[in-house]
Amino acid sequence: MTAVLAATIFATVTAGVYLAMSRDVFRCVIGLALLGAAANLVLFAAGRLVSPLPAVVPVGEILLTDAANPLPQALVLTAIVIGFALVCYSLVLLLRLMRDARTDDALALRYAEPRPDDPVKPPASAADCDVAWPPEDRA
Amino acid sequence: MRSRVIILEAAAGPLYLLILAASVWVLLRGHNEPGGGFIGGLIAVSASILWAVARGSDAARQRLPLRDPLILGATGVLLAALSGVPALLLGDAYLTHLWATLPLGFTDLKVSTVLLFDLGVYLCVWGALAGYALALLAVDDEAAASGGER
Amino acid sequence: MSALVAAPVLVPLATVVLTTLASRRPTLQQVVSFVGALIFLACAVALVASAAIDQPARTAFGSWVAPYGIEFHLDRVGAALVLITALMGAVSLLFLASDADAGPRHPLLLPLVHGVLAGVGGAFSTADLFNLYVWFEVMLICALGLFAIGGRLDQLDASFKYLVLNLLGTLLLLIAIGAVYGATGHLNFGALAEAAPALSPGLSTALLTALLLAFLIKAGSFPLYAWLPASYHTLPAPVLALFAGLLTKVGVYAVLRTVGDVFAPAPDVVMEALGWIAAATMLFGVLGAAYHWDMRRILAFHIVSQIGFILLAVALAGEAGNAATLFYTVHHIIVKANLFLIAAMIWRLTGSYDLRRIGGLYRLRPALGLLFLVPALSLVGIPPLSGFWAKLMVLQEALAQGRYAWAALALAVSVLTLYSMVKIWMEAFWKRHPDDRWQPPAATRLAPAWAATLGLAALTLVISLYPQWLLAYAQAAARTLGG
């Protein structure tokens, strides 16, 4: 069973890394989501695969016996919720980014970089610099 | 102008209440069995999404308690945070939960700070995810209204 | 007493909730936000005062004890960093009241800022590896929110780059945590420290490598610092100062906690690698800064470079190295945040962050020129400013351990740092403005900005002239680490 889980993790990581390295930003995010799923499986595997029984104390009992390790389940649940929130955020971000930038190519997303036509060396004459007042934040 | 689906609109009214009732049942069941605030909140979100599909995002937002997903979520976190305070007053660590039984005459009502915490989680999940989903659906509505692809 | 340990988490979180509830009323929201920040500060002061006793304060939420519950604890290191976090929060909120690049008012701005504070406070006070991951995610989500609420295209772009690399970091952290739990069966720092000596050297090296890889991405160290200078400069100035001061330092703190405390003494190969990574971080950061002309980019690259110095102190290990780490971190947070805030004031007065497009500010505001010199020269390490003492501690320890290459590199990097700072000063203050018809803005609302930057500069001067109290504190803190 452990071997199957390991193979699953391997396949998920492979797919995730392949997609995450894509230039297509949407694939990139899907790849990271897959990597998140793989990380959750690793957490799950860390608790050992011993029992398929749910970690719920039966009615009338006090102790949990023969059940799965509840701690990795709690960890995975937390990680799933957080990962879910991040994927939600990334999808909205991508929607806006792709709408505003009109591209989904990661290499074309250079809006936070210095302008390629900027004169690299000083002194730049004031005429080159279109100093406007009040200034736009992005000169 | 969004197209209307009369059957869905008609069915949404009773379904909304039914789904909410189911979500509350799951919330309360979580005390001793699988279930709880998180799952219950997710089910409640599905009710809001149903309403949004049937009547539009704005209508669904108006139907939320407190009429604002953000405020609803924050209220949920507030309730969850407050559930830990009684323990602090008694000198225990924060979030140490307390249980009590209220005799009502005909039956004993069990109350606990855990229930308050779970209710907080329920409202928080409902507010946060409904806000997210409704905003996404509204994007779709805008696109339909402007008539273009984007 | 134990309730106070939860304050670094609970107070900012409560402020998040209350400011969100007040999001329809801006004035009320600001008042709530300020009050929350001040209560946080007061709690942090009380914590530092209480951590002075040698018993680290602890609490566990829900009274669940260590193997099952999540513990919070504050030793001297954590308490000092929580205090500086609270201070930075208050200063940033003060600066937000000015009109120096404070950004547009979004109803969620203040809740998100407090969310970042909660994440940082939680990361500094938790005693649980998985909980540390949760606080990293809280920081990440709030930071992403702060990027996105501006809505400008460059901010969305920056947000995407920040998201991808940081998400990769947290996923690596998650996998590393899974490996640690699988190997030891523990997540609590105390339990891990007990279990660590029983691990085989190979296994402990592997676990530490996985953990450090994740933390170093978060700290912005070589070679995975690209997200930092690619994104930070799109933020509004007060938020930028907060990020610059705090976020990368949480990564550094996590590295310190891992190799300097929980898994101490770490295998030599790990510390050796960490030292060389630190050296590369110093060098590449400062070289990146030398290229740029945008003040924010220059300063962002200097964050990377200074992270290299702090990581070098971590890599030197031992009591002296750990004490230097804490001293350097405290000094650096104050100085770096101040530099970003002063850059925002320069922007307000001259209209641009681009050094090629501004100038002549010394004639207009000589006081600002002098004020800039305090953190700038402190960053370089000119005696007697605080950076000098911090670098002295690192260099002394490097030389004492015979690490001459690292020490020489640190000195060379300091010279290059001086180049960048002098560049900013000459271009912004000394040279004539390139546009002869340039007029300074008529009306500015810079009083809160002056108060914030002067306060931070005064703090730098206090640390500079009376370093012994911080030094003694850092040494006492280092003694409690690692056992």
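Our structure is the block above this text.
About the thresholds
- Residues numbered from 1 in each chain as written.
- Chains lettered and ligands numbered in written order.
- Predicted model: local features only at pLDDT ≥ 70, side-chain atom pairs only at ≥ 80, totals over all residues.
- Heavy atoms only, no water.
- Helix = DSSP H or I, 4+ residues; strand = E, 2+ residues; numbered from the N terminus.
- Buried < 20%, exposed > 50% of the residue type's maximum accessible area, 1.4 Å probe, protein only.
- Areas by Shrake-Rupley, 256 points an atom, 1.4 Å probe, with all protein chains shown as cover.
- Lys, Arg positive; Asp, Glu negative; His and termini not counted.
- Charge placed at Lys NZ, Arg CZ, Asp CG, Glu CD.
- Rg over C-alpha atoms; globule rule 2.2 N^0.38 Å.
- Contact = heavy atoms within 4.5 Å.
- Buried area = accessible area lost by both parts, 1.4 Å probe.
- Salt bridge = Lys/Arg side-chain N within 4 Å of Asp/Glu carboxyl O.
- Polar contact = N/O pair within 3.5 Å; in protein donor to acceptor, adjacent residues only side chain to side chain.
- Core = buried A, V, L, I, M, F, W, Y, C linked by side-chain atoms within 4.5 Å.
- Axes fitted to C-alpha atoms, helices over the stretch in contact; angles between N-to-C directions.
- Left-handed = near helix turned anticlockwise from the far one by under 90°.
- Parallel < 35°, antiparallel > 145°, perpendicular 65-115°, else oblique.
- Nonpolar A, V, L, I, M, F, W, Y, C, P; charged D, E, K, R; others polar.
- Phe/Tyr/Trp six-rings, centres within 6.5 Å; stacked < 30°, edge-to-face > 60°.
- Lys NZ or Arg CZ within 6 Å of the ring centre and 35° of its normal.
- Expected span 1.5 Å × (residues − 1).
- Pairing = 2+ DSSP bridges.
- Patch = residues over 30% accessible without salt bridge, like charges linked within 9 Å, V, L, I, M, F, W, Y side chains within 5 Å.

Caption draft 1: Examining the overall build of chain C more closely. On a plain count of helices and strands, chain C comes out with 20 helices and two strands. Along the three orthogonal principal directions, the C-alpha set of chain C runs to about 70 × 55 × 40 Å. Out of the 483 residues belonging to chain C, those deemed buried represent 66%. Approximately 15,300 Å² of chain C is accessible, and the part contributed by carbon and sulfur atoms is 70%. When the 26 positive and 20 negative side-chain charges of chain C are each reduced to one mean point, those points stand 12 Å apart.

Caption draft 2: How the structure looks around the overall build of chain B. Looking only at helices and strands, chain B has six helices and two strands in total. Helices and strands in chain B line up, N terminus first, as α-α-α-α-α-β-β-α. Since a compact globule built from 150 residues should have a radius of gyration of about 15 Å, the 19 Å found for chain B marks it as more spread out than a globular shape. Structurally, chain B occupies a C-alpha span of about 60 × 35 × 25 Å along its principal axes.

Caption draft 3: Representation of the side chain of Thr325(C). Positionally, Thr325(C) belongs in helix α14 (residues 318–350). Thr325(C) has contacts with Leu256(C), Ile310(C), Ala313(C) and Val314(C), leaving out every residue within four places of it along the chain.

Caption draft 4: Just the interface of chain A and chain B, in detail. The interface is formed by eight residues belonging to chain A together with six residues belonging to chain B. With both chains or domains summed, chain A and chain B bury close to 720 Å², and 79% of this area falls on carbon and sulfur atoms. Taken together, chain A and chain B are joined by zero salt bridges. The interface formed by chain A and chain B includes one residue pair in polar contact (both at pLDDT 80 or more).

Caption draft 5: Region of interest: the nonpolar core. Counting residues in each nonpolar core, the largest one holds 212 residues, and the members touching the most others are Phe160(C), Phe243(C) and Val259(C). In terms of residues, this core owes the most to one element, α14(C), which gives 20 residues. Apart from the residues lying within four places of it in its own chain, the contact partners of Phe160(C) are Val25(A), Cys28(A), Val29(A), Leu93(A), Leu94(A), Leu97(A) and Leu109(A). Formed by 22 residues, the second largest nonpolar core is a distinct cluster that contains Ala44(B), Leu50(B), Ala54(B) and Leu64(B).

Caption draft 6: Fine view of the side chain of Lys423(C). Considering the arrangement of structural elements, one finds Lys423(C) in helix α18 (residues 404–430). Within the buried set, Lys423(C) has no salt-bridge partner at all; the shortest N-O distance to an opposite charge, 7.8 Å, is to Glu427(C).

Caption draft 7: Just the environment of Leu109(A), in detail. Position of Leu109(A) relative to the elements: it lies in the segment after α3 (70–101). Residue Leu109(A) is classed as buried on the basis of its relative accessible area, which comes to 1%. Remark: the alpha-carbon pair of Leu109(A) and Leu97(A), spanning 12 residues in sequence, is separated by 9.1 Å. Residues contacting Leu109(A), with those up to four places away along its chain left out, are Val25(A), Leu97(A), Ala101(A), Thr103(A), Asp157(C), Phe160(C) and Lys161(C).

Caption draft 8: Quick peek at the packing of α14(C) against helix α16 (residues 366–380) of chain C. Residues and elements named next belong to chain C. Where α14 contacts α16, the axes come no closer than 9 Å and their chain directions differ by 150 degrees. Handedness of the crossing formed by α14 with α16: left-handed. Of the residues in α16, those touching α14 at His331, His332, Val335, Lys336, Asn338, Leu339, Ile342, Met345, Ile346 and Leu349 are Leu368, Leu371, Phe372, Pro375, Ala376, Ser378 and Leu379.

Caption draft 9: Local environment of the interface of chain A and chain C. Facing 49 residues of chain A, the contacting portion of chain C comprises 53 residues. Summed over both sides, the interface of chain A with chain C buries roughly 4,400 Å², with 70% coming from carbon and sulfur. On inspection of chain A and its partner chain C, the count reaches zero salt bridges. There are five residue pairs in polar contact (both at pLDDT 80 or more) connecting chain A and chain C.

Caption draft 10: Local environment of the packing of helix α11 (residues 237–262) of chain C against helix α13 (residues 295–316) of chain C. Residues and elements named next belong to chain C. Between α11 and α13, whose axes approach to 11 Å, the crossing angle comes to 20 degrees. Considering the angle they form, α11 stands roughly parallel to α13. In terms of crossing hand, the pair formed by α11 and α13 is right-handed. Taking contact as the criterion, the partners of Leu240, Ala244, Thr248, Lys249, Val252, Val255, Leu256 and Val259 in α11 are, on α13, Arg296, Ile303, Ile307, Ile310, Leu311 and Val314. Classifying every residue of the contact of α11 with α13 by side-chain character gives 11 nonpolar, one polar and two charged.

Caption draft 11: The arrangement of the packing of aromatic side chains in detail. With the rule as written, the count across this model stands at 21 aromatic pairs over all chains. Judged by centre distance (4.7 Å) and plane angle (25 degrees), the ring pair of Phe222(C) and Phe284(C) falls under stacked. Here the residue Phe222(C) occupies a position in the loop between α9 (201–219) and α10 (227–231), and Phe284(C) occupies one in helix α12 (residues 268–291), the gap between them amounting to 62 residues. Relative accessible area serves as the criterion here: at 36%, Phe284(C) is assigned to the partly exposed category. Ring plane angle 65 degrees and centroid distance 5.1 Å describe the contact between Phe388(C) and Trp389(C), whose orientation is recorded as edge-to-face. When its relative accessible area of 28% is taken as the criterion, Trp389(C) is described as partly exposed. Three or more aromatic residues link up through ring pairs in this structure, and these residues are Phe147(C), Tyr162(C), Trp227(C), Tyr232(C) and Phe243(C). The aromatic ring of Trp51(B) is capped on one face by Arg63(B), whose charged end is 4.6 Å from the ring centroid.

Caption draft 12: Expanded view of helix α7 (residues 153–184) of chain C. All names here are of chain C. Here α7 contains 32 residues, and its C-alpha end-to-end distance of 46 Å stays within 8% of the 46 Å for a straight helix at 1.5 Å per residue. In terms of residue burial, α7 counts as a mostly covered element, since 24 of its 32 residues are buried. Trailing α7 by a residue or two, Gly185 shows a phi angle of about 80 degrees, which is positive.

Caption draft 13: Region of interest: the pairing of strand β1 (residues 99–103) of chain B. Residue and element names in this part refer to chain B. Pairing of β1 with strand β2 (residues 108–112) involves five bridges; the strand directions are antiparallel. Residue pairing for β2: Ala100 is matched across the bridge by Val111. Hairpin connection between β1 and β2: a loop of four residues separates the two successive antiparallel strands, and Gly105 in this loop has a positive phi of roughly 90 degrees.

Caption draft 14: How the structure looks around the pattern of salt bridges. Under the defined criterion, the tally for this structure stands at 16 salt bridges over all chains. As a salt-bridge pair, Glu427(C) and Lys431(C) come within 2.7 Å of each other at their nearest N and O atoms. A residue is classified by how much of its surface remains accessible, and Glu427(C), at 17% relative accessible area, is buried. Each of Arg96(A), Arg99(A) and Asp100(A) takes part in salt bridges that share partners, so that together they form one network.

Caption draft 15: Layout of a nonpolar patch on the surface. Residues and elements named next belong to chain C. A surface patch of nonpolar side chains, about 500 Å² in accessible area, is lined by Leu461, Val462, Leu465, Tyr466 and Trp469. Ranked by residue count, the leading element in the nonpolar patch is helix α19 (residues 447–465), at three residues. The residue Val462 is located in helix α19 in this model.

Caption draft 16: Here's a closer look at the environment of Val125(B). All names here are of chain B. Position of Val125 relative to the elements: it lies in helix α6 (residues 113–146). Looking at Val125, the relative accessible area reads 9%, which means it is buried. Expressed as a C-alpha distance, the spacing of Val125 and Pro69, which sit 56 residues apart in the sequence, is 9.7 Å. The contact partners of Val125, leaving out residues within four places of it in the chain, are Phe38, Gly41, Leu42, Val45 and Ala130.

Caption draft 17: Spotlight on unusual backbone geometry. The residue after Phe222(C), namely Pro223(C), is reached through a cis peptide bond having omega 0 degrees. Looking at the secondary structure, you find Pro223(C) in the loop between α9 and α10. Here Leu66(B), not a glycine, exhibits a phi torsion of approximately 70 degrees, which is positive. For Leu66(B), the position within the fold is in the loop between α3 (57–63) and α4 (69–82). Residue classification places Leu66(B) among the exposed positions, given a relative accessible area of 51%. Despite not being glycine, Arg67(B) has its phi angle at roughly 60 degrees, a positive value.

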